[in-house]
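Below are the chains, spelled out letter by letter.
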Amino acid sequence: MKFHIDSCDNSARAGRLFTSHSVIETPVFMPVGTVGAVKALDATDLQSFLKPQIILGNTYHLYLRPGDEVVAKLGGLHGFSSFPGSFLTDSGGFQAFSLSENVRHADDGITFRSHIDGSRHHFTPRKVLDIQYNLNSDIMMILDDLVALPAKRRRIAESVERTSRWAHESIVYHRSMQERGIGLDNSIFAIIQGGIDREFRRISAEELGSMDFDGFAIGGLSVGEASADMYDTVEWTTGFMPEEKPRYLMGVGRPEDLVENVYRGVDMFDCVMPTRNARNGTLFTSFGKVTIKGAKYTTDDSPIDPECDCMVCKNYSRAYIRHLFRARELTYFRLATIHNLHYYLTLMKSMREAIVQGSFEEFRREFYAKRGVEVL
């Protein structure tokens with residue numbers, strides 16, 4: 001994998017990430033395809049209406065169902081799903097966090113019970129990489145130790161120490177596998193931890209940055225802390241991250257979060273928000289959110305967003321979309337998901353253009369002005 005920074009506007013960066021399956025223009029938002037599919041869409045929808053350069057799959061879920069060996073036999077994630085672009089797969093660390101009632105942390109890994117059938121499993125740094133080799137994702141995330149916030153300093157210190165130790169084991173294992181001809185097209189990213197504590201974030205970033213990873217993620221945010229704390233932590237942490245490597249902020253987030261963190265030097269994002277909110281009746285627009293179930297849209301023949309050129313806004317009215325939502329018609333989920341993801345992907349393209357043109361500050365002011373709020 002290669003990463004080239006094309007342009008900078010203060011801390012904001014526009015770059016290109018080269019994998020064996022696509023050239024990814026950054027900043028980029030990765031639609032979440034947990035089990036190898038973006039909910040309500042298939043690969044044809046993605047290629048016809050959205051054209052994402054990369055989507056995210058979930059190691060934990062694909063390992064449990066259908067099984068990584070099944071995916072390997074059917075051509076890896078690309079062959080299995082028929083999506084020709086790039087895949088990033090996370091390691092399962094977040095699932096251990098979100099399913100904490102069923103999880104036990106140990107020095108060598110994470111033991112958990114399947115949310116499907118209750119069976120017991122154990123993830124180690126090496127095992128999650130072996131699973132991802134079978135999935136053949138373009139970017140593999142290593143196993144990390146994520147903690148909820150707020151957390152005691154002792155627990156954060158443990159998380160940082162364990163994450164660094166697992167990172168070292170992961171990179172040594174991955175490079176040894178590549179020497180054997182395995183994983184040659186699979187890049188590997190480490191995950192910086194440390195809560196919102198500046199000292200722990202510095203330690204984690206510096207320790208991981210000294211290792212030979214292809215990119216670095218900021219993990220452990222958007223897990224209960226205030227937005228201002230997230231922004232401050234990202235701005236602090238990026239100062240200790242290698243400039244020549246891609247920077248990925250995991251699990252974030254709202255459109256405002258994307259703008260603010262691109263402003264602070266982040267290149268890559270993922271979040272379930274556009275797809276989940278679509279299914280729940282919340283649609284994103286250039287002027288803010290639309291709650292489509294509202295009665296005021298019953299006879300509204302305007303598009304969801306007059307500034308949007310997605311296939312949904314070109315062909316359907318708010319009234320029709322509201323009707324589909326109220327009727328629980330399955331078509332609603334597809335159309336709403338296409339619109340929300342189109343909004344997110346277009347937002348990222350607009351930010352990239354502004355960075356290249358040296359006008360990101362102007363873009364940022366206009367973004368907030370359309371929402372009737374001042375720049376943060």
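Residues numbered from 1 in each chain as written. Predicted model: local features only at pLDDT ≥ 70, side-chain atom pairs only at ≥ 80, totals over all residues. Heavy atoms only, no water.

Trainee: How would you explain the nonpolar core if you had to name every residue and give the values?
Mentor: Core analysis: the largest hydrophobic core is formed by 89 residues, its most contacted members being Phe29, Phe213, Leu249, Tyr332, Met351 and Phe360. If you tally residues by element for this core, the top one is helix 14 (residues 330–357), at 14 residues. Among all residues touching Met351, those that are not within four sequence positions of it are Pro27, Leu258, Val259, Val262, Phe360 and Phe363. Listed in part, the 17 residues of the second largest apolar core include Ile54, Leu56, Phe189 and Ile191. (Core = buried A, V, L, I, M, F, W, Y, C linked by side-chain atoms within 4.5 Å. Buried < 20%, exposed > 50% of the residue type's maximum accessible area, 1.4 Å probe, protein only. Helix = DSSP H or I, 4+ residues; strand = E, 2+ residues; numbered from the N terminus. Contact = heavy atoms within 4.5 Å.)

Trainee: Describe helix 8 (residues 198–209), with residues and values.
Mentor: Taking 1.5 Å of rise per residue, the 12 residues of helix 8 would be expected to cover 16 Å, and the 16 Å separating its terminal C-alpha atoms lies within 8% of that figure. Every buried residue of helix 8 is listed here: Phe200, Arg201, Ser204, Ala205 and Leu208. Looking straight down helix 8, one finds its buried side chains confined to an arc of 130°; they lie on one side. Tucked into the core, helix 8 has its buried residues touching helix 7 (153–179), strand 11 (187–192), strand 12 (215–218) and helix 9 (227–238). (Expected span 1.5 Å × (residues − 1). Arc of directions from axis to C-beta.)

Trainee: Can you lay out the layout of surface pockets for me, pointing to particular residues and giving the numbers?
Mentor: Of the volumes computed, that of the largest pocket is approximately 810 Å³. Taken together, 38 residues form the lining of the largest pocket, with Phe94, Gln95, Gly251, Asp270 and Val272 sitting closest to its centre. When its residues are assigned to classes, the lining of the largest pocket shows 16 nonpolar, 16 polar and six charged. The computed volume of the second largest pocket comes to approximately 330 Å³. Lining of the second largest pocket is provided by 15 residues; of these, Ser286, Glu307, Tyr343, Ser350 and Lys370 occupy positions nearest its centre. Residue assignment for the lining of the second largest pocket shows that the elements contributing at least two residues are helix 14 and helix 15 (360–370). Per element, the largest residue contribution to the lining of the second largest pocket is five residues, and it comes from helix 14. Looking at the lining of the second largest pocket residue by residue, the class counts come to five nonpolar, four polar and six charged. (1 Å grid on protein atoms, 1.4 Å probe; cavity = no way out; pocket = protein on both sides within 12 Å on 5 of 7 lines; lining within 4 Å. Points joined across faces, edges and corners; volume = space filled by probe spheres on them. Nonpolar A, V, L, I, M, F, W, Y, C, P; charged D, E, K, R; others polar.)

Trainee: An account of the packing of helix 6 (residues 125–135) against helix 7 is requested, with residue identities and associated values reported.
Mentor: Two numbers describe a pair of packed helices, the interaxial angle and the distance between the axes. One can describe the packing of helix 6 onto helix 7 by two numbers: an axis separation of 9 Å at closest approach and a directional angle of 45°. One element, helix 6, and the other, helix 7, form an angle in the oblique class. As for how helix 6 packs across helix 7, the hand of that crossing is right-handed. Taking contact as the criterion, the partners of Pro125, Arg126, Leu129, Asp130 and Tyr133 in helix 6 are, on helix 7, Trp166, Glu169, Ser170, Tyr173, His174 and Met177. (Axes fitted to C-alpha atoms, helices over the stretch in contact; angles between N-to-C directions. Parallel < 35°, antiparallel > 145°, perpendicular 65-115°, else oblique. Left-handed = near helix turned anticlockwise from the far one by under 90°.)

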